[in-house]
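Take a look at the letters that make up each chain.
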Amino acid sequence: MLSATPRNAVYRYLNQLFGADGWQRVGPDNEPATSADLPTTPTLTPLTLHIHNAKLEEWLQTQSQLIDDWQANALDSVIISSSLGKINRMYASLRQLKPVRITGPEPPEHRRLVRPVILATPTVDIGYNFGRPGKTRQSIDRLICDAKFGDELTQRIGRAGRVLGREETAIPSEAHVFVSEEAFAALKTWDQQIFNRAEWAGIIQQLEQLPAKHQLEGYINQYALLESFYPLLKLQQLTPKDDPDQETLFEAMRAIFAPTSKRTFKSFRHVYQLYEEREQWLKLAASAKWADRNAVAKHYAKYLTWLACTKSIQQEISPQQVRPILDSRLIGHEKQQTELIDFIESQVAMTKALFNFREAWQGPKAAIYDPKQLLSSQTLNYFDLFHVFCNYEVTIYRSKAQFEQDAGPSEAAAVYLQIMQHRATQLGLAFDYPNSDQLEQKTFEERYCNAIVGLKGLLLSAYEYGSRTTVPVPAAIRSAVETNAIPCLIVDQASISALIRVLQGGPIYRQRLNVDFNSMFEEYSMVTGTAAFHVIPELKRHFLMRQKRVNDQPILL
């Protein structure tokens, strides 16, 4: 394993995996004495680092000639930003230089293109190599990036000047880094000073103004076992039933990720089996869905258990208890059947988010016709609807058939649209919950707040950043949100300050949720999608300090 800046948690996991005597750390501070006379191999060139307290996009508009000069002098450059929207707007302004984009919407073959100017998102932060076959010096001579976090700053400037295995190793590199006002002021202490890379990384790690991007330890302790369990179950489908090696592998993973967990291989397998049963039930035609009374009783019992339980009162309702009331309370009663379906959909959405953490809900998928290639090099693409709507003026197609007349054959998607141009001002999103069940505020908060839940029926609204001017949301986009169960963490008023502290300076943003209580709206904060699973472990201590029984697992029944 090779790591330039391993965290203490890495050492802890290695100890759990191999034992304290089963592995060895080798670094510049503990090389064996016998290596003192051996020749060294340069890996990085000297780097001149320029720190800016400005907005990258605005700076680039005034410095486009600098990029032209680099290209004229055969100096290869890369621009890295955490914002896909920024990258695409900068790409539009530099299009005359024929740059290449390395971003999520780009296909793999396009990401491998080699051009003198590259624009990239964090897609390149881990495991990407800017290869330039035949070049005798570093692949990247000049680098421009923004950085809100210490680890991404160190990682990104390390992209410039890599010369391991190259013939020329002494040609200096140059980087321009754009940071916050607070980080800029803190870094002025070291203006005009010279450091080696390890010293620089040590300085950055100590700066509060450049925090770590992800505090993943809380997530790993709570959810890594669930995330890693999914491929293990898939593997089990290809092996003999009750293969003892599967359970042995599970126990090894539990010892690494969650040594204090009481969960067992069989309990996780039950969760997965329930998830599959629910997915299959939802796909059934209406007549078949309600014909299997055993399955209906099982699902209905879970739903009634959820309705009856609070954070302080737990009770279990069995399928046997509900069978006698299926006809009088559920089957043939449209409203009650819809409520049960909504509940099962919410449970499936949350379980899918756990088992497919990196592919879980981020927003509905849009099929995109992009003839001007403003999003990517592809004229037909599929991407997060929220990102596209917030960053581009779009036209909505009435149907898949109409879309395919322009774009050609396409996959199914929540919305079909064409990108027209970049928005002059980006949009922010907010949500309303109509509370059609007319829940009292106390009941709503008991049922939905301070735990990860799946919520269906959210109404989307949009506004311009800065002016807060309301922007109409097309009906097709509103429907794509309203008809899906969304995994989310809803935080009540007493915990909003704690949520703000957890999110401060980080890559995760809270969104407003307005809930209708008999025409009186109460505002909550909400974190949607996979981000909720990062956030809730960091709030656990706060919830406990409020002397509430808190369950940091999603409400899966």
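Please refer to the structure placed before this passage.
Residues numbered from 1 in each chain as written. Predicted model: local features only at pLDDT ≥ 70, side-chain atom pairs only at ≥ 80, totals over all residues. Heavy atoms only, no water.

A. A look at the environment of L513. Here L513 shows up in strand β16 (residues 511-517). Counting along the chain gives 23 residues from L513 to I490, while the straight-line C-alpha distance between them is 8.1 Å. Leave out the neighbours within four places in its chain, and L513 touches F431, D432, Y433, L458, I490, E522, E523, Y524 and M526. (Helix = DSSP H or I, 4+ residues; strand = E, 2+ residues; numbered from the N terminus. Contact = heavy atoms within 4.5 Å.)

B. Main features of the side chain of T351. Turning to its location among the elements, T351 is positioned in helix α16 (residues 334-355). For T351, a relative accessible area of 4% gives the class buried. A polar contact of 2.7 Å, which involves the side chain of T351, links it to the backbone oxygen of Q347. (Buried < 20%, exposed > 50% of the residue type's maximum accessible area, 1.4 Å probe, protein only. Polar contact = N/O pair within 3.5 Å; in protein donor to acceptor, adjacent residues only side chain to side chain.)

C. Local environment of the pattern of salt bridges. For the structure shown, the criterion picks out 20 salt bridges. Between K352 and E279 there is a salt bridge, with its nearest N and O atoms 3.5 Å apart. Placement of the pair is K352 in helix α16 and E279 in helix α11 (residues 265-283), with a sequence separation of 73 residues. Under the relative-accessibility criterion, K352 is labelled partly exposed at 36%. The salt bridge involving E345 is made with K456; its shortest N-O contact spans 2.4 Å. Here the residue E345 occupies a position in helix α16, and K456 occupies one in the loop between β12 (452-455) and β13 (459-464), the gap between them amounting to 111 residues. (Salt bridge = Lys/Arg side-chain N within 4 Å of Asp/Glu carboxyl O.)

D. Seen up close, the side chain of D516. With respect to the helices, strands and loops of the structure, D516 is situated in strand β16. Among buried charged residues, D516 stands out as having no salt bridge; its nearest opposite-charge side chain is R478, 12 Å away. A polar side-chain atom of D516 sits 3.4 Å from the main-chain amide nitrogen of N518. For D516, the side chain forms a polar contact with the main-chain nitrogen of S519, separated by 2.6 Å. Those residues in contact with D516, other than ones at most four positions away along the chain, are Y433, P434, N435 and F521. (Lys, Arg positive; Asp, Glu negative; His and termini not counted.)

E. Region of the structure containing empty space enclosed by the protein. Taken as a whole and assessed by the stated rule, the structure comprises one cavity of 30 Å³ or more. Counted as a void, the largest cavity has a volume near 50 Å³. Considering the residues around the largest cavity, the lining is formed by 10 residues, among which W306, S346, Q347, V453 and G454 are closest to the centre. Within the residue set of the lining of the largest cavity, elements represented by two or more residues are α16, α19 (441-448) and β12. Per-element tally for the lining of the largest cavity: the top contributor is α16, with four residues. (1 Å grid on protein atoms, 1.4 Å probe; cavity = no way out; pocket = protein on both sides within 12 Å on 5 of 7 lines; lining within 4 Å. Points joined across faces, edges and corners; volume = space filled by probe spheres on them.)

F. Expanded view of the packing of aromatic side chains. Here the structure, examined in full by the defined rule, presents 18 aromatic pairs. Ring pairs connect the aromatic residues Y300, Y303, W306, F343, Y433, F444, Y448, F517 and Y524, which therefore count as one cluster. Over the aromatic face of W281 sits the side chain of K289, whose NZ or CZ is 5.7 Å from the ring centroid. The ring of W306 is capped by R447, whose NZ or CZ atom sits 5.0 Å from the centre of that ring. (Phe/Tyr/Trp six-rings, centres within 6.5 Å; stacked < 30°, edge-to-face > 60°. Lys NZ or Arg CZ within 6 Å of the ring centre and 35° of its normal.)

G. Inspection of the packing of helix α21 (residues 496-503) against helix α22 (residues 531-545) at higher detail. Contact pair α21 / α22: the axes reach a minimum separation of 10 Å and the direction vectors enclose 130°. The orientation of α21 relative to α22 falls into the category oblique. Every pair of crossing elements has a handedness; the one defined by α21 and α22 is right-handed. For the pair formed by α21 and α22, the contact residues are A498, L499, V502 and L503 on the first element and V535, E538, L539 and H542 on the second. When the residues that make up the contact of α21 with α22 are grouped by side-chain class, the tally is six nonpolar, one polar and one charged. (Axes fitted to C-alpha atoms, helices over the stretch in contact; angles between N-to-C directions. Parallel < 35°, antiparallel > 145°, perpendicular 65-115°, else oblique. Left-handed = near helix turned anticlockwise from the far one by under 90°. Nonpolar A, V, L, I, M, F, W, Y, C, P; charged D, E, K, R; others polar.)

H. A look at the pairing of β13. Two elements, strand β11 (residues 427-433) and β13, share six bridges in a ladder whose sense is antiparallel. Across the sheet, the residue bridging to G428 is Y463, located in β13. One ladder, built from two bridges, connects β13 with strand β14 (residues 470-471); its direction is antiparallel. Note on β14: the bridge partner recorded for A462 is V471. In textbook terms, the turn of a hairpin is the stretch between consecutive antiparallel strands, and for β13 and β14 this stretch comprises five residues, one of which, G466, has a positive phi near 90°. (Pairing = 2+ DSSP bridges.)

I. Seen up close, the sheet that holds strand β5 (residues 142-146). Reading across from one edge, β1-β6-β5-β2-β4-β3 is the order of the six strands in this open sheet, with parallel pairing throughout. The outermost strands of the open sheet, each flanked by one partner alone, are β1 (47-52) and β3 (100-102). Averaged over all pairs of adjacent strands, the angle between strand axes in this sheet comes to 15°, irrespective of strand direction. Relative to strand β6 (residues 173-178), β1 is paired through six bridges, and the arrangement is parallel. The partner of L47 across the bridge, within β6, is S173. Relative to the sheet, helix α3 (residues 64-72) contacts β2 (77-80), β4 (117-120), β5 and β6, its axis offset from that of β5 by approximately 150°. Sheet strands in contact with helix α4 (residues 84-93) are β2, β3, β4 and β5, and its direction is about 155° off that of β4.

J. Spotlight on the sheet that holds strand β7 (residues 365-369). Pairing is mixed in the open sheet, where four strands are placed in the order β8-β7-β10-β9. The open sheet terminates on both sides in strands that have one partner only, identified here as β8 (380-384) and β9 (392-396). This sheet shows a mean twist of 40° between the axes of neighbouring strands, independent of strand direction. Examined bridge by bridge, β9 and strand β10 (residues 415-422) share five bridges and lie antiparallel to one another. Across the sheet, residue T395 finds its bridge partner in β10, namely Q418.

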